[in-house]
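# Observations on chain architecture
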Amino acid sequence: MTDGYCDLQNTWIAFGGVMLLAACTIANSCELAVLDGSVVLNSSKIQPKCRFKQDQTGLLSAAAKFTSALTHQTPNSKIKRLSQEQVQQSCNIDATQGSLTCTFNGKSDHFTLTNTVKQGKIASINWQDDEYVYLGWMTNTEVLMGYIAFGALNKHSAPFFIPASQFCQYGLSSHIIDLGKGDLLCQNHEGLWSHSRLLPLPQPCQQPQQMIQDKGGIWALEFIKSSYQWRICRYNDNAGSLLAAYEYSIDLKATLARYDLQPSDYTQLTFLSNGDTNAIANSVEIDNVFPVSDITPELDPQTIELPIQQLQYKLTKLD
């Protein structure tokens, strides 16, 4: 087991039985980066200060600081984004005829909108490579259905539809990892990574928001919003098998000890985000905690509310 903690100092005040720490409310964030040819786990400009690097065996261990500059994965240079406005200026939807006509690089093509995609509109996500323009198509409630490919530079290709689930087969992503033999890993429009052949990634990181590659394999990082922790996985070079897995999770005992408190079997965490359920929480309420000195803690339960960045974390290697 390897442990590492973020230790941010702040003051707290008692307020009507609920202890509330006064601090700026900045969300947690850990990210993958490359340091001297190896992937590391690093904090972004916001907290916690997760900072871990690979040792000689490739395992993660806590680092006090990084002395070299961090770099990030190179974006996909084979494709570029087109704005919604660019595409809308080049296309015309004929609702009466149920067709879409687009002109790219002087070539006009018609695409018949089937019943499946008829009730839809041009999306904000559109791509272009050396041969095609991939026009994003979404429902009226802005759910991406897929892409309509127009052969902008391929004069003999008729437009065709690509379901959203097949985006990675065509490399429709600003970030991809080439696994060789025609296989890819791609990040979709929602920020999640998947395999071009729709193969599941090995557990426990099955829906990572970040993936990055180094000479030893592929790393994945998945944020679990329900518990505000991260799973970190290291795969082999084709992402088919798991080499190592870690959990970067809240150390509740260490967090509470700073305020002479201890958790109990009934302690629960409630993450608070000012009423916006989709936003990252800016504070956490921890109930059923007790003073360390309390001999009979069941008689004196307390609740403490902390800014999210006051949580202390530990890194644990999973078996």
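Relevant structure appears above.
Please read these numbers as outputs of a predicted model, since none were measured by experiment. (Residues numbered from 1 in each chain as written. Predicted model: local features only at pLDDT ≥ 70, side-chain atom pairs only at ≥ 80, totals over all residues. Heavy atoms only, no water.)

### Quick notes on the overall build of the protein chain
Condition: Where helices and strands are cited, they refer to DSSP runs of H or I of at least four residues and of E of at least two residues respectively, numbered from the N terminus. For every residue, the accessible area obtained with a 1.4 Å probe (protein chains only) is divided by the maximum for its type, and the residue is called buried under 20%, exposed over 50%, and partly exposed between those limits. Residues are treated as being in contact if the distance between any of their heavy atoms lies within 4.5 Å. Here the Shrake-Rupley method, with its probe set to 1.4 Å, supplies the accessible areas, and only the displayed protein chains count as covering residues.
The number of helices and strands found in the protein chain is three helices and 27 strands. When each of the 319 residues of the protein chain is scored for burial, the buried share is 47%. Counted over contacts in the protein chain with a minimum sequence separation of 6, partners at least 24 positions apart contribute 48%. Put simply, the protein chain shows about 16,700 Å² of open surface, and 48% of that area lies on carbon and sulfur atoms.

### Quick word on the sheet that holds strand β5 (residues 51–54)
Stated precisely, the cut-off is as follows: By the convention used here, strands pair only if DSSP detects at least 2 bridges between them. Throughout, an axis means a line fitted to C-alpha atoms (over the contacting stretch in the case of helices), and angles, computed between N-to-C directions, take values from 0 to 180 degrees.
The four strands are arranged β3-β4-β5-β6 in an open sheet whose pairing can be described as antiparallel. One side of each edge strand has no neighbouring strand; the edge strands of this open sheet are β3 (30–35) and β6 (60–62). When the angles between neighbouring strand axes are averaged without regard to direction, this sheet yields 30°. Here three bridges tie β5 to β6, and the two strands are oriented antiparallel to one another. Across the sheet, the residue bridging to Q54 is L60, located in β6.

### Re the state of the cysteines
Here, the word disulfide means a covalent bond between the sulfur atoms of two cysteines. As a reminder, the rule being used: Disulfide: a pair of cysteine sulfur atoms within 2.5 Å of each other.
Scanning all chains against the criterion turns up four disulfides. Bonded cysteines in the protein chain are paired 1-2, 3-4, 5-6, 7-8 when counted in the order they occur along the chain.

### With respect to the packing of aromatic side chains
Two numbers describe a pair of aromatic rings. These are the distance of the centres and the angle of the planes. Rule in force here: Classification of ring pairs uses Phe, Tyr and Trp, with its six-membered ring standing for Trp, and accepts pairs whose centres are within 6.5 Å; under 30 degrees between planes counts as stacked, over 60 as edge-to-face, and the remaining range as tilted. Counted as over-ring charges are cases with an Arg CZ or a Lys NZ within 6 Å of the ring centre that also lie within 35 degrees of the ring normal.
One pass over the structure, following the stated rule, counts 13 aromatic pairs. Between Y132 and Y134 the ring centres are 5.9 Å apart and the planes differ by 45°, which places this aromatic pair in the tilted class. Seen in terms of ring centroids, F223 and Y228 are 5.4 Å apart; in terms of plane orientation they differ by 90°. Their pairing is edge-to-face. Here F223 and Y228 have matching classes, each one buried. An aromatic cluster is built from F52, F223, Y228, W230, Y248, F271 and Y313, whose rings are joined through pairwise contacts. The ring of F66 carries R51 above its face, with NZ or CZ at 6.0 Å from the centroid. The side chain of R81 reaches across the aromatic face of W127, ending 5.1 Å from its centre.

### Some remarks on the pairing of strand β26 (residues 302–307)
Within β26, five of the six residues are buried, leaving the element largely enclosed by the surrounding structure. Where strand β25 (residues 283–291) meets β26, five bridges bridge the pair, whose relative direction is antiparallel. In the strand pairing of β26, E285 is matched with E305.

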